[in-house]
Amino acid sequence: MLTITLKRGKDESLRRFHPWIFSGAIQHIDGPQDEGSLARVLTCDGSYIATGHWQVGSIAVRVLTFTDEPVDGAFWQRRLQVALEARRAIGVADNVSNDTFRLVHGEGDNLPGLVIDIYGKTAVMQAHSVGMHRCRYELVEALKAVMGDRIDNIFYKSETTLPFKAELGQENGFLLGGSPDDVAMENGLRFHIDWLRGQKTGFFVDQRDNRSLLERYAKGRDVLNMFCYTGGFSVYALRGGARLVHSVDSSAKAVDLVNANVALNFPNDARHEAFAEDAFRYLVEMADGAYDLIVLDPPAFAKHKDALHNALKGYTRLNLRAFEKIRPGGIVFTFSCSQAVSKDQFRTAVFTAAAQSGRNVRILHQLHQPADHPVNIYHPEGEYLKGFVLFVE
Ligand code: SAH
């Protein structure tokens, strides 16, 4: 274990339980500097303040606990147990019509660097820090103990989420079981989950509540689901009684996924069609008034702060196209999942688009990430998904 001593005054944010220690706050590091190892963190006068995973980079320590306690199998088990209890309280775990949920949301569950999504009998575990990667086998044991017979498989998917420079050479693969059954249920709808090759852990679990809300607006509407990926919004719109649903994504693979998921729930449903096309091109070329419900759920336009200005312009351009073309009385579901874009900045980008289109636009709902993606109150950076449901006169 390392011992890290902080510079004078650099313990302030830790006293407010913020879980990150930046490299500039460190006075000195004692012990073998193996990336990902546990570090006991001391203030400048030598008193204990936190324990966390040490990593090379701007965020040097991700804090696991502010109590001087061992970080071992029992520790992981306690943390996972609380996470599961929270999901049961929310109503997403142990629910016969829903076996798709996020069990661990990094800092939101006091487990920085770790994500675990549950898809039926399979848990997909993703490490975002070298420390969590190193603890993966301990985490598997803890997960088995906490989840019991709720899961049979644990798939580890960290190939693209770990720092390249750490040279961990890890590969994606099963750490428990290995069932090829890839179908999970969300609110009674079934989805194939591509944990092997898909984005994130294979599915965007974070849009569950927003997809439910869309279902309530879908009846009799002509729906465009832009950036559809696995087609979550499309399948809910079909169940909600949409007149037609068009799914668009620039990736041909996403189009195959959405078609497969529609077929799984509504075989041979002629109301649905999917297109592999660029969003901006599609929105420019589509007929005026072709749709009266449009979903815009693009990938994060700003992955970090430097890209912010262009990202905001991108959101404005995208929303402007939708406002220009949507039928009067239409509904727009618009989202940003960029952590670097604040809710107010996103609202301003959408406001600018509305003003440029000259349409009357009302905000009906203000959306955010669901309860199984909790925000640690001491870590506001954990808030990333925001959206609006708009009525366009
Ligand atoms: N709404 C989806 C998640 C969207 S993820 C859900 O609920 O699951 C973002 C998607 O946007 C990806 O599938 C990606 O292939 C697609 N994409 C990225 N750039 C695009 C572009 N310029 N035009 C159309 N689709 C794009």
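Residues numbered from 1 in each chain as written. Predicted model: local features only at pLDDT ≥ 70, side-chain atom pairs only at ≥ 80, totals over all residues. Heavy atoms only, no water.

A. View of the site of the ligand. In the vicinity of the ligand there are 16 residues, among which Arg-211, Asp-249, Asp-278, Ala-279 and Asp-297 approach most closely. Between Gln-199 and the ligand, the recorded distance is 3.2 Å, taken from a side-chain N or O atom to an oxygen atom. Contacts to the ligand include Ala-279, whose backbone N or O atom sits 2.8 Å from a nitrogen atom. Alone, the ligand offers 580 Å² of accessible surface; in the complex the protein occludes 88% of this. (Near = heavy atom within 4 Å. Polar contact = N/O pair within 3.5 Å; in protein donor to acceptor, adjacent residues only side chain to side chain. Areas by Shrake-Rupley, 256 points an atom, 1.4 Å probe, with all protein chains shown as cover.)

B. Region of interest: the sheet that holds strand S2 (residues 20–22). In spatial order, the strands read S2-S6-S5-S4-S1-S3; together these six strands make up an open sheet with mixed pairing. Each edge of the open sheet carries a strand with a single partner, namely S2 and strand S3 (26–30). Each strand axis lies, on average, 35° off the axis of its neighbour in the sheet, ignoring direction. (Pairing = 2+ DSSP bridges. Helix = DSSP H or I, 4+ residues; strand = E, 2+ residues; numbered from the N terminus. Axes fitted to C-alpha atoms, helices over the stretch in contact; angles between N-to-C directions.)

C. Geometry of the packing of aromatic side chains. Enumeration according to the criterion identifies 15 aromatic pairs in this entry. A ring pair is formed by Phe-346 and Phe-388, whose centres lie 5.7 Å apart and whose planes are at 15°; its orientation type is stacked. Of this pair, Phe-346 sits in helix H10 (residues 343–357) while Phe-388 is found in strand S20 (residues 386–392), placing the two residues 42 residues apart along the sequence. For Phe-388, a relative accessible area of 2% translates into the label buried. These aromatic residues form a ring-pair network of at least three members: Phe-301, Tyr-315, Phe-346 and Phe-388. Taking the ring centre of Phe-233 as reference, the NZ or CZ of Arg-211 above it sits at 6.0 Å. Over the ring of Tyr-236 we find Arg-239, and its NZ or CZ is 5.6 Å from the ring centre. (Phe/Tyr/Trp six-rings, centres within 6.5 Å; stacked < 30°, edge-to-face > 60°. Buried < 20%, exposed > 50% of the residue type's maximum accessible area, 1.4 Å probe, protein only. Lys NZ or Arg CZ within 6 Å of the ring centre and 35° of its normal.)

D. Highlighting the packing of helix H2 (residues 73–90) against helix H4 (residues 136–147). Two numbers describe how H2 lies on H4: the axes approach to 9 Å, and their chain directions differ by 45°. The pairing of H2 with H4 is recorded here as oblique in orientation. At the point where H2 passes H4, the crossing takes the right-handed sense. Residues Gly-73, Trp-76, Gln-77, Leu-80, Gln-81 and Leu-84 of H2 form the contact with H4, whose own contacting residues are Glu-138, Leu-139, Ala-142, Leu-143, Ala-145, Val-146 and Met-147. For the contact of H2 with H4, the class distribution of residues is nine nonpolar, three polar and one charged. (Parallel < 35°, antiparallel > 145°, perpendicular 65-115°, else oblique. Left-handed = near helix turned anticlockwise from the far one by under 90°. Contact = heavy atoms within 4.5 Å. Nonpolar A, V, L, I, M, F, W, Y, C, P; charged D, E, K, R; others polar.)

E. A look at unusual backbone geometry. Although it is not a glycine, Lys-200 adopts a positive phi angle of roughly 50°. Along the polypeptide, Lys-200 turns up in the loop between strand S13 (189–192) and helix H5 (208–217). Even without being glycine, Phe-227 reaches a positive phi, approximately 65°. Residue placement: Phe-227 occurs in the loop between strand S14 (222–226) and helix H6 (232–239). For Phe-227, a relative accessible area of 17% gives the class buried.

F. A look at the side chain of Arg-359. Turning to its location among the elements, Arg-359 is positioned in the loop between H10 and strand S19 (361–368). The side chain of Arg-359 is buried and forms no salt bridge, while Asp-288, the nearest opposite charge, is found at 6.3 Å. Reaching out from Arg-359, the side chain makes a polar contact with the backbone oxygen of Glu-393 at a distance of 3.1 Å. Each residue touching Arg-359, except ones within four places of it in the same chain, is listed here: Phe-323, Glu-324, Ile-326, Arg-327, Pro-328, Ala-354, Val-392 and Glu-393. (Lys, Arg positive; Asp, Glu negative; His and termini not counted. Salt bridge = Lys/Arg side-chain N within 4 Å of Asp/Glu carboxyl O.)

G. Spatial organisation of H4. With twelve residues, H4 extends 16 Å from end C-alpha to end C-alpha; this agrees with the ideal 16 Å at 1.5 Å per step. Once H4 ends, the next one or two residues include Gly-148, with phi positive near 55°. (Expected span 1.5 Å × (residues − 1).)

H. Inspection of the side chain of Thr-122 at higher detail. Tracing the chain through its elements places Thr-122 in strand S9 (residues 122–127). Among the residues examined, Thr-122 registers a relative accessible area of 1% and is labelled buried. Residue contacts for Thr-122: discarding those within four places in its chain leaves Asp-117, Asn-153, Phe-155, Phe-174 and Trp-195.

I. Here's a closer look at the packing of H6 against helix H7 (residues 252–265). It is the contact of H6 with H7, at a shortest axis distance of 9 Å, that shows an interaxial angle of 30°. Judged by the angle between their axes, H6 and H7 are roughly parallel. The crossing of H6 and H7 is right-handed. In contact with Ser-234, Val-235 and Leu-238 of H6, H7 contributes Val-258, Asn-261, Val-262 and Asn-265. In terms of residue class, the contact of H6 with H7 is made up of four nonpolar, three polar and no charged.

Don't take any of this as a statement about function, it's just geometry.
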